[in-house]
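Structure assessment
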Amino acid sequence: MNAEELLTFAARRISGRYEVDEFGYDAELNDKVLLELLRPLYRHWFRVETIGLHNLPPDGALVVANHSGTLPVDALMLQVALHDEAGRAVRLLGADLVHRLPLLGHLSRKTGHTLACKEDADRLLRKGELVGVFPEGFKGIGKPWSQRYRLQRFGRGGFVASAIRAGVPIVPCSIVGAEEIYPKIGDLRPLARLLGLPYLPITPLFPWFGPLGLVPLPSKWLIEFGEPIRSDEVDPAEADDPMVVFELTDQVRETIQRSLNALRLRRGPAFFL
Amino acid sequence: MSPVTRTVLVTGISRHIGARLASVLAADPAISRVIGVDTVPPTSLTRDGGAQLNPLGRVEFVRVDLRSPDIAQVIAAADIDTVVHMSLMSGPAGSRPAMKEHNVIGTMQLLAACQRSETVRRVVVRSTTAVYGSSPTDPAVFTEDSEPVEVPHTGYGKDASEVEGYVRGYARRRPDVVTTTLRFANFIGPKVDSPLTRYFRAPLLPTVLGFDPRLQFVHEDDGVEVLRRAALDDHPGVFNVAGDGVLLLSQCLRRAGRFFVPVPAPAFRFLGEGARAVGRMDFTPDQLALMSHGRVVDSARLADEFGWVPKFTTASAFDDFLQTRSAR
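Residues numbered from 1 in each chain as written. Chains lettered and ligands numbered in written order. Predicted model: local features only at pLDDT ≥ 70, side-chain atom pairs only at ≥ 80, totals over all residues. Heavy atoms only, no water.

1. Side note on the overall build of chain B
Of regular secondary structure, chain B possesses 11 helices and 13 strands. Taken over 328 residues, chain B has a buried fraction of 58%. Counting every atom, chain B has about 13,000 Å² of accessible surface; 55% of that belongs to carbon and sulfur. (Helix = DSSP H or I, 4+ residues; strand = E, 2+ residues; numbered from the N terminus. Buried < 20%, exposed > 50% of the residue type's maximum accessible area, 1.4 Å probe, protein only. Areas by Shrake-Rupley, 256 points an atom, 1.4 Å probe, with all protein chains shown as cover.)

2. With respect to the side chain of Asp120 of chain A
Structurally, Asp120 of chain A is set in helix α6 (residues 118-126). In this structure Asp120 of chain A is buried but unpaired, with Arg109 of chain A as the nearest side chain of opposite charge at 4.4 Å. Not counting residues up to four positions away in its chain, the partners in contact with Asp120 of chain A are Phe23, Arg109, Thr114 and Leu115 of chain A together with Pro139, Ala140 and Val141 of chain B. (Lys, Arg positive; Asp, Glu negative; His and termini not counted. Salt bridge = Lys/Arg side-chain N within 4 Å of Asp/Glu carboxyl O. Contact = heavy atoms within 4.5 Å.)

3. Examining the domain arrangement of chain A
You'll often see interface size given as the accessible area lost when the parts meet. Residue and element names in this part refer to chain A. Each assigned domain of chain A is listed here: domain 1 (19-181 + 222-266) and domain 2 (184-215). For domain 1 and domain 2, the distance between their C-alpha centres works out to 25 Å. On the domain 2 side, the residues contacting the 9 residues of domain 1 number 8 residues. With both sides pooled, the region where domain 1 packs onto domain 2 buries about 740 Å², and carbon together with sulfur makes up 66% of that total. In this structure, the connection of domain 1 to domain 2 is made through 0 salt bridges. Joining domain 1 to domain 2, the criterion identifies 3 residue pairs in polar contact (both at pLDDT 80 or more). The residue inventory of the side of domain 1 that touches domain 2, partitioned by class, reads 6 nonpolar, 2 polar and 1 charged. (Domains from an automatic or database assignment. Buried area = accessible area lost by both parts, 1.4 Å probe. Polar contact = N/O pair within 3.5 Å; in protein donor to acceptor, adjacent residues only side chain to side chain. Nonpolar A, V, L, I, M, F, W, Y, C, P; charged D, E, K, R; others polar.)

4. So, helix α10 (residues 242-267) of chain A
All names here are of chain A. Taking 1.5 Å per residue as the helical rise, α10 with its 26 residues ought to reach 38 Å, and the 37 Å between its terminal C-alpha atoms agrees with that figure. All buried positions along α10 are accounted for by Val244, Val245, Leu248, Thr249, Val252, Ile256, Ser259, Leu260, Leu263 and Arg267. By the N-cap criterion, in which a side-chain oxygen at the helix start approaches the backbone nitrogen of a residue two or three places on, α10 is capped by Asp241, the distance to Met243 being 3.0 Å. Remark: Gly268 follows α10 within two positions and exhibits a positive phi of approximately 80°. (Expected span 1.5 Å × (residues − 1).)

5. A word on the nonpolar core
All names here are of chain B. Of all hydrophobic cores here, the largest spans 65 residues; its most connected members are Leu9, Ile71, Ile75, Val84, Val123, Leu182 and Leu227. With 6 residues, the single largest contributor to this core is helix α6 (residues 220-232). The residues contacting Val84, other than those within four sequence positions of it, are Val8, Leu9, Val10, Thr11, Leu21, Val124, Leu227 and Ala231. (Core = buried A, V, L, I, M, F, W, Y, C linked by side-chain atoms within 4.5 Å.)

6. Side note on the interface of chain A and chain B
Facing 26 residues of chain A, the contacting portion of chain B comprises 23 residues. Of the roughly 2,000 Å² buried where chain A meets chain B, counting both sides, 53% is carbon and sulfur surface. At the surface where chain A touches chain B, the tally comes to 3 salt bridges. Across the pair Arg17 of chain A and Asp319 of chain B runs a salt bridge whose closest N-O atoms are separated by 3.0 Å. Taken together, chain A and chain B are joined by 13 residue pairs in polar contact (both at pLDDT 80 or more). If you list the elements that add at least two residues to the side of chain A that touches chain B, you get α1 (3-15), α4 (96-100), α5 (104-110), β4 (114-115) and α6 of chain A. The class makeup of the residues in the side of chain A that touches chain B is 8 nonpolar, 6 polar and 12 charged.

7. Focus on the confidence of the model for chain B
Residues and elements named next belong to chain B. With 89% of its residues at a pLDDT of 70 or more, chain B has an overall mean of 88. Across chain B, the secondary-structure element scoring lowest on mean pLDDT is helix α8 (residues 265-277), at 74, and the one scoring highest is strand β11 (residues 237-241), at 98. Counting contacts from residues 45-55, a segment whose pLDDT is below 50, to residues more than four positions away or on other chains yields 16 contacts. (pLDDT = per-residue confidence, 0-100.)

Structure, rendered in structure tokens:
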């Protein structure tokens, strides 16, 4: 932005004359401020490389990704990747916990996230948005170091049901690199329970080095978008048939696991390269 | 299609929207009588500022306490065919129990009278989107079929849910009568006086620290228009009514150019109670929830059924309110 653009931008922000969608997504704030803060991390710290962007359909789709890293940095990097390299605003479905927290809950709405619930997923997909989901949830992001790159259970397959109802393709997405940013080698369970958190990690740097322990390790990242999996071959009426849903869920899960294994080999060591 | 509406009863006529609706209906030559009831006489029916040829004289005011069975006599005596029930109170004018009694018992008495009536064939009820509650785990957008995640357990939202329950019961017992329930987002406009408009008129505004709720407004002109349409034609069902789009509270405050102070939720509640004590604003727990989590509804069903959408969007309704506010 040059000085003049910056001034009109500031004037618009101060006067409140900008658009926010019904989910609370503030596209301008997201692009100009929030993602801008993440870009150095994306480009220089994790040196993220994307593969298979051509697999993203031009219209609405559901991007299903693995979840890891103790803190949801992978979600934010996926968002930067899709925004900057594919020109797509991805609408991520987030956990209850995030939306219950002051500051974070409303910040995540401004950056385009919403609550992971059937109503919101259906509504976004009906509007032709690109929706992103991490079906492993806390089981994935909070898994111990020893379990890295092993996909956890994909919830109850609610995401698949939503895709079937909307008739949109599912894009399997594999993220390699996030597992190494905060290696979780222990869990302060009693304290986590006390704070109402799903886990409170011990990593090689946290809590020993205090706030410094929050600096993610500079692992090398690869994000791959696989070939879309069709969901419109299933009758929308079968979206609540558990057999159909589980079958498709397993297919997506296996696709991502296979691609994770291959990507890990392709990347080699996480650090010092 | 439907026979010409002849006699309309409007409850809650002493308040702004009710008074405006009554004068608009009175100006319609297709309507022979408009009877307005309320517990207190209307202060002035001329507040609409419209250019009608003195339609106000045609609105007959009857002073009735809805909590008493007197309303049955009014309905029986006047051969009323359309009832527009507007007298829900959103904030405790006196005490909370009095408000609840006015809202809930008043509706029961009115519906009981309608049920006995042979002439009533259309009932329109003003409700509120507050029936959906307001919580951090709400779906982003409520449709008429959404169940509230956290059922409102105090205040206006609770009263309105109970009122809607009685309306559903009435509709079941009298399937020959067309019932329309309109769930309005917060009214806003030059002359609206509500906890929310009083809030936006305050010189210094507290906000809840860490929360930036999504809000929706419906302009008073649109509110009157949709009520008029519901009173004149058959539109059975429940409909959300909100201006298109949303505004974040932070956007509202920036547009208003007012100073605001983010305070932690408990302090906000305390301030609200203090403000209520001096009669400035009333911040009830449901208001606190709205100011924290916000609420957005989908008005697509209204557009489908009525073939009409509110003229003002949420943002333009708010701007219209701001313009007249600064002109004061």
